[in-house]
Amino acid sequence: MNARALTPIDRLLIDAQNALDTVFGAPPAQRANPSAQEPDVVLDAAERRHAAGLMRINHVGEVCAQALYVGQAAVARDAATRAHLLEAAQEETDHLAWCAQRLDELDSRPSLLNPLWYAGSYAIGALAGLRGDGWNLGFVVETERQVEAHLDEHLQTLPVADARSRAILEVMKADEARHADDAQAQGARVLPPPVPRLMAMASNLMKTIAYRV
Ligand SMILES: [Fe+2]
Ligand SMILES: [Fe+2]
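This one's a predicted model, so the numbers in the text were calculated from it and none came from an experiment. (Residues numbered from 1 in each chain as written. Chains lettered and ligands numbered in written order. Predicted model: local features only at pLDDT ≥ 70, side-chain atom pairs only at ≥ 80, totals over all residues.)

### Details of the UniProt feature "binding site: Fe cation 2" (unreviewed entry) in the protein chain
Sites flagged by UniProt as "binding site: Fe cation 2" (unreviewed entry) map to Glu92, Glu144, Glu176 and His179. Spanning 88 residues, the annotated positions come together in the fold, the maximum distance between their C-alpha atoms being 10.9 Å. When you line up the elements, Glu176 lands in helix α6 (residues 163-185). Sequence-distant contacts of Glu176, that is, excluding residues within four places in its chain, are made with Glu144, Val147, Glu148 and Leu151. Its location among the elements puts His179 in helix α6. When residues no more than four places from it in sequence are discounted, the contact partners of His179 are Ala88, Val140 and Glu144. (UniProt positions renumbered as here; feature names shortened; annotations may be inferred. Helix = DSSP H or I, 4+ residues; strand = E, 2+ residues; numbered from the N terminus. Contact = placed C-beta atoms within 7 Å.)

What follows is the structure, encoded as structure tokens:
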């Protein structure tokens, strides 16, 4: 069969499929879970609740990353930028799967508001993308740097005994730093104020809510 270019409708359907998989499905990871080698220490109830709250935030972060990148890719002008965004989204799928597995081990669950987080982030991604590809990549850099910073914060505040969550977050942090560097190398623009601050405010709001719900 001859390969043909995707029509806007094809793309819309692919995006809708990604949204459903991310929010309601359990997309499989391509790489092994970094926590597999770590002992599954039994945490006390308070520690488990705290660890689950943090891992739920990280899971939501990955839902948002998927949605942002897919939203940005939907309006990207340059094929190379689109490919870069979709490739970054693929690695985020590993993070998504690992966080979901850890939440399950902690007898917890992902955020009930994931459909909302996905929709909001997709819209933000598409809006950012409409400003042009330099902005698109600048948005990736800023997102990844902010995620990297909050992963650092979580690595400090996770219960000491929770080596399994920590192992996952260490690999995620290294991946996010690489995603930022790659986007930088592809010609990201520096986002003007107040965009980075608004993004930080939105992510703080998300963190406060996702820790609980
Ligand atoms: Fe990620
Ligand atoms: Fe990333």
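Once you've had a look at it, read on.
### Comments concerning the environment of Gly132
Checked against the element boundaries, Gly132 lands in the loop between α4 (114-130) and α5 (133-157). The sequence separation of Gly132 and Asn58 amounts to 74 residues, and the corresponding C-alpha distance is 28 Å.

### A word on the UniProt feature "binding site: Fe cation 1" (unreviewed entry) in the protein chain
Here, UniProt's "binding site: Fe cation 1" (unreviewed entry) annotation points to Glu62, Glu92, His95 and Glu176. Taken together, the annotated residues stretch across 115 residues yet fold into one region, lying no more than 10.7 Å apart by C-alpha. Not counting residues within four places of it along the chain, the set of residues in contact with Glu62 comprises Glu92, His95, Leu96 and Cys99. Here Glu92 lies in helix α3 (residues 79-105). In this structure Glu92 comes out as buried when scored by C-beta crowding, with 27 C-beta atoms within 10 Å. Excluding its chain neighbours within four sequence positions, the residues that come into contact with Glu92 are Glu62, Ala65 and Gln66. (Buried ≥ 20, exposed ≤ 12 C-beta atoms within 10 Å, placed from the backbone.)

### Observations concerning the packing of helix α1 (residues 8-24) against helix α2 (residues 45-75)
For the pair α1 and α2, interaxial distance at closest approach is 10 Å and the crossing angle is 180 degrees. Classed by the angle they form, the pair α1 and α2 counts as roughly antiparallel. Along its contact with α1, which presents Arg11, Asp15, Asn18, Thr22 and Val23, the element α2 presents Val63, Gln66, Val70 and Ala74. (Axes fitted to C-alpha atoms, helices over the stretch in contact; angles between N-to-C directions. Parallel < 35°, antiparallel > 145°, perpendicular 65-115°, else oblique.)

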